[in-house]
Amino acid sequence: MGAVASAMARKGYVVTGTDANVYPPMSTFLESEGIQIFQGYKPDNIPADADLIVIGNAMSRGNVEVEAVLERNLRYMSLPETMKEHFLWGKKNFVVTGTHGKTTTTSMLTWMLKANGLDPSFMIGGIARNLGCGGNFTDSDYCVLEGDEYDTAFFDKRSKFLHYLPKVVIINNIEMDHADIYANVEEIKLSFKRLLRVVPKDGVVFINADCPNCADVRAHAAAELRMVKLVSVGMSEDADLRITDIEHRTDGSDFTLDNESYYVPMVGDFNIRNAAMAACAARFAGLTPEQIRTALLSFEGVARRQEVRGTVNSVTVVDDFAHHPTAIRQAVEALRQRFPKGRLWVLFDPRSNTTIRNLFQHELAEALATADFAVLSPVENHKRLAPEERLDEAKLQADIAAAGTDCYLGSGVDDIVAHVVSHVHPGDVLLVMSNGGFGGIHGKLLTALAQ
């Protein structure tokens, strides 16, 4: 929503909006774009002369602003419909999808094209440091989009990415997620199968060769959509384009793809795969391996993806958006490569619609136990779920401790900060994981460490 709000403002529209909780980096970015954001929903927030209301997929019936839009019979669209209508017709749309790595891969691909003069339009669910914003729509033929499998709006339950008119699709991986709208991974795979139905025969799909669920989607497409070009990319021997010669450093990673060597200034196997996927799509757009190499060398990463927020008294605070068990495990793995000598703490805030449920009760414990210390934040909004659906925090704490990792269940942000600061040693790394603001814990940790 923030990225498209910015893009609409840059097209000359006056844009305002509302959210329940407003926090950086998106809040400060929108403020810098001159976009007024109201915190808390009120019918009066909607201007009487508004030409279009864009309703985000977090909104549902009963929200006072949604009800006002319907009662006043105002013109409204979903976010993907708005993008399709105003920005995507006639473009070469590169749509980056998957459970993990969408934001980073989309940012990498956008930077590869931009650094080589193609000036693509883009929409990313985060802020890449090279780009300075999450969305911008230009006169270029190229458009790079982060494609989310989440549903579109309360009035349109299809996946967002089905609106994006793809020429090129990247499928990084497919896992169970979004338990509030999908009953199982088979339903998620069905959405990806539907996406491939709208790829034209002069387009291409780059799909993870190492993911079993991706293999199922690929087999379906190969059998039923014979005009769609499918290229598997990965580390397995049967990949069409194989990633080899992987070398991990503390400051980045080397790898070879299609007999071309690359270096990405990020750590972790998952970031190597992200870079490889972006490189494949960039080659399809006409870039040379040398152009891709040069762009990767200057890629500066994405806010809230392994972002160092500060180091005080030799203790480093790192922010990361990870909340799915696989992403947590990968982030821990990557931080151990980046900081091989320090003890690693994970401060986890179960906030997403999936992690507040007990769907990943066991998997979360396994992932968090890979750290040296785990600290858990209390779950908010538990009561909106039936008791039998809720994440059991006490059991999660006990299971992590049983696996040999010290685990503390905090009562709130201030309690967590006090506990961590009283137990850290110089050289420790504090990895903060949340898909929300986590009560401004990053700044509070840095302040407390300084004191």
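Residues numbered from 1 in each chain as written. Predicted model: local features only at pLDDT ≥ 70, side-chain atom pairs only at ≥ 80, totals over all residues. Heavy atoms only, no water.

K.L.:
Before we go on, may I ask you to explain the packing of aromatic side chains in this structure?
P.N.:
Each aromatic ring pair is specified by the distance between its two centres and by the angle formed by the two planes. Within this structure, the stated rule accounts for eight aromatic pairs. Ring plane angle 70 degrees and centroid distance 5.1 Å describe the contact between Tyr76 and Phe155, whose orientation is recorded as edge-to-face. Of this pair, Tyr76 sits in strand β4 (residues 76–78) while Phe155 sits in the loop between β9 (151–153) and β10 (156–159), and the two are 79 residues apart along the sequence. Owing to a relative accessible area of 31%, Phe155 belongs among the partly exposed residues under this scheme. Chaining the aromatic ring pairs together yields one cluster made of Tyr76, Phe154 and Phe155. Across the ring face of Tyr262, the terminal group of Arg293 is positioned such that the distance to the ring centre comes to 5.6 Å. (Phe/Tyr/Trp six-rings, centres within 6.5 Å; stacked < 30°, edge-to-face > 60°. Helix = DSSP H or I, 4+ residues; strand = E, 2+ residues; numbered from the N terminus. Buried < 20%, exposed > 50% of the residue type's maximum accessible area, 1.4 Å probe, protein only. Lys NZ or Arg CZ within 6 Å of the ring centre and 35° of its normal.)

K.L.:
Would you mind showing me how to read the pattern of salt bridges here?
P.N.:
Pairs can form between side chains of opposite charge once their charged atoms are near each other. Within the structure shown, the criterion is met by 26 salt bridges. One salt bridge connects Lys102 with Glu149, and the closest N-O pair in it is separated by 4.0 Å. In this pair, Lys102 is assigned in helix α5 (residues 102–115) and Glu149 in the loop between β8 (142–146) and β9, connecting sequence segments 47 residues apart. Note on accessibility: Lys102 and Glu149 belong to one class, buried. Ionic pairing is found between Arg129 and Glu307, a salt bridge with its closest N-O pair at 3.9 Å. Taken together, the residues span a long stretch of sequence, with Arg129 in the loop between β6 (121–123) and β7 (135–136) and Glu307 in strand β17 (residues 307–312) at a distance of 178 residues. (Salt bridge = Lys/Arg side-chain N within 4 Å of Asp/Glu carboxyl O.)

K.L.:
Which parts of the structure should I look at to understand helix α14 (residues 441–450)?
P.N.:
The α-helix advances 3.6 residues per turn, and as a result positions three or four apart in sequence lie on the same side. Where α14 is concerned, the buried positions are Ile441, His442, Leu445, Leu446 and Leu449. Within α14, the buried residues cover an arc of 135 degrees as seen down the axis, which keeps them to one side. Contact partners of the buried residues in α14: β17, β18 (315–320), β19 (344–348), α13 (413–423) and β22 (429–433). (Arc of directions from axis to C-beta. Contact = heavy atoms within 4.5 Å.)

K.L.:
When you look at the state of the cysteines in this model, what are you seeing that I'm missing?
P.N.:
The bond known as a disulfide is covalent and runs between the sulfur atoms of two cysteines. Here the structure, examined in full by the defined rule, presents zero disulfides. In this model Cys143 remains outside any disulfide bridge; the closest cysteine sulfur is found in Cys133, 13 Å from its own. Here Cys214 is not cross-linked by a disulfide; its sulfur's nearest cysteine counterpart is in Cys211, at 3.6 Å. (Disulfide = S-S within 2.5 Å.)

K.L.:
Can you walk me through the environment of Val424 in this structure?
P.N.:
Within the element layout of this structure, Val424 appears in the loop between α13 and β22. Note: C-alpha distance between Val424 and Phe373 (51 residues apart in sequence) is 10.0 Å. Non-local contacts of Val424, meaning those with residues more than four positions away in its chain, are made with Val315, Arg343, Trp345, Leu430 and Leu449.

K.L.:
Which parts of the structure should I look at to understand the sheet that holds strand β21 (residues 406–409)?
P.N.:
Picture the strands of a sheet paired through backbone hydrogen bonds; they go either parallel or antiparallel. One open sheet accounts for six strands, arranged β17-β18-β22-β19-β20-β21; its pairing is mixed. Strands with a single pairing partner mark the edges of an open sheet, and in this sheet they are β17 and β21. Looking at each pair of strands side by side, their axes are set apart by 20 degrees on average, direction ignored. Two elements, β18 and β22, share five bridges in a ladder whose sense is parallel. Residue Thr316 lies in a different strand from β22, and its bridge partner there is Val429. Helix-sheet contacts for helix α10 (residues 325–338) involve β17, β18, β19 and β22, and the interaxial angle to β22 is about 155 degrees. Sitting on the sheet, α14 is in contact with β17, β18, β19 and β22, with an inclination near 15 degrees to β17. (Pairing = 2+ DSSP bridges. Axes fitted to C-alpha atoms, helices over the stretch in contact; angles between N-to-C directions.)

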